[in-house]
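# Residue-level structural notes
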Amino acid sequence: MPVIHDYLRMKALQDQEDVGKQDAYRDRSNKDLIDKSSTRIDTIPNMTAAYSQVVNSGHKPTPEEINYRRFINRSAAPFLSLSLTPKSLELRSSTC
């Protein structure tokens, strides 16, 4: 009879040990996944000195820069035409 109890106790300890190993593996895997997928946010640098240097530099844009900015701003023009103007508001209020 004592042999059976010793065997059952040994099997219970082995099962507990196996469950502990599985839990530890799962915890390590979850921690690795969280570490790999989480966003690391560094402190935002203070750019006031750089901004004031750019403002005070007196940079004059070249004609190529001006044309490029016009080209970029032109792409938003169709959306700007959808904005509400006083005249379009008058038309809408008269039809309601």
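Residues numbered from 1 in each chain as written. Predicted model: local features only at pLDDT ≥ 70, side-chain atom pairs only at ≥ 80, totals over all residues. Heavy atoms only, no water.

### Concerning the overall build of the protein chain
Quick reminder of the rule: For the purposes of this entry, the term helix denotes a DSSP run of H or I that reaches at least four residues, the term strand denotes a run of E that reaches at least two, and both are numbered from the N terminus. The protein chains shown are the only cover counted for residues, whose accessible areas, like all others here, come from Shrake-Rupley with a 1.4 Å probe.
A count of helical and extended segments in the protein chain gives 5 helices and 0 strands. Carbon together with sulfur atoms contributes 62% to the accessible area of the protein chain, which is approximately 9,600 Å² in total.

### What about helix H3 (residues 63-74)?
A turn of α-helix holds 3.6 residues, and therefore any two residues three or four places apart point the same way. Quick note on the threshold: By definition here, a helix of n residues has an expected span of 1.5 Å times n minus one. Burial here depends on accessible area, computed with a 1.4 Å probe over protein chains only, as a share of the maximum for the residue type. Under 20% is buried, over 50% is exposed, and the range in between is partly exposed.
The end-to-end C-alpha distance of H3 is 16 Å, a good match for the 16 Å that 12 residues give at a rise of 1.5 Å each. In terms of burial, H3 is largely open, as just 0 of its 12 residues are buried.

### Some remarks on a nonpolar patch on the surface
Note the cut-off: Exposure above 30% relative accessible area and no salt bridge define the residues that can form patches, which grow by joining like charges within 9 Å and nonpolar side chains of Val, Leu, Ile, Met, Phe, Trp and Tyr within 5 Å. Put simply, a salt bridge is a Lys or Arg side-chain nitrogen that is within 4 Å of an Asp or Glu carboxyl oxygen.
Together, Ile4, Tyr7, Leu8 and Met10 give the surface a local cluster of nonpolar side chains, amounting to about 410 Å² of exposed area. By secondary structure assignment, the location of Ile4 is in helix H1 (residues 2-37).

### Structural notes on the confidence of the model for the protein chain
Defined as follows: Think of pLDDT as the predictor's per-residue confidence, scored from 0 to 100.
When pLDDT is averaged across the protein chain, the result is 81; 76% of the residues are at 70 or more. Across the protein chain, H1 holds the top mean pLDDT of 94, while helix H4 (residues 77-80) sits lowest at 51.

### Description of the environment of Glu65
Selection criterion: Residues are treated as being in contact if the distance between any of their heavy atoms lies within 4.5 Å. Any N or O atom pair separated by 3.5 Å or less is treated as a polar contact, with the protein-specific requirement of one donor-capable and one acceptor-capable atom, and with residues adjacent in sequence counted only for side-chain atom pairs.
Positionally, Glu65 belongs in helix H3. Taking the relative accessible area as the measure of exposure, Glu65 reaches 27% and is therefore partly exposed. Apart from the residues lying within four places of it in its own chain, the contact partners of Glu65 are His59 and Lys60. A polar contact is formed between the side chain of Glu65 and the side chain of His59, at a distance of 3.4 Å. For Glu65, the side chain forms a polar contact with the main-chain nitrogen of Thr62, separated by 2.9 Å.

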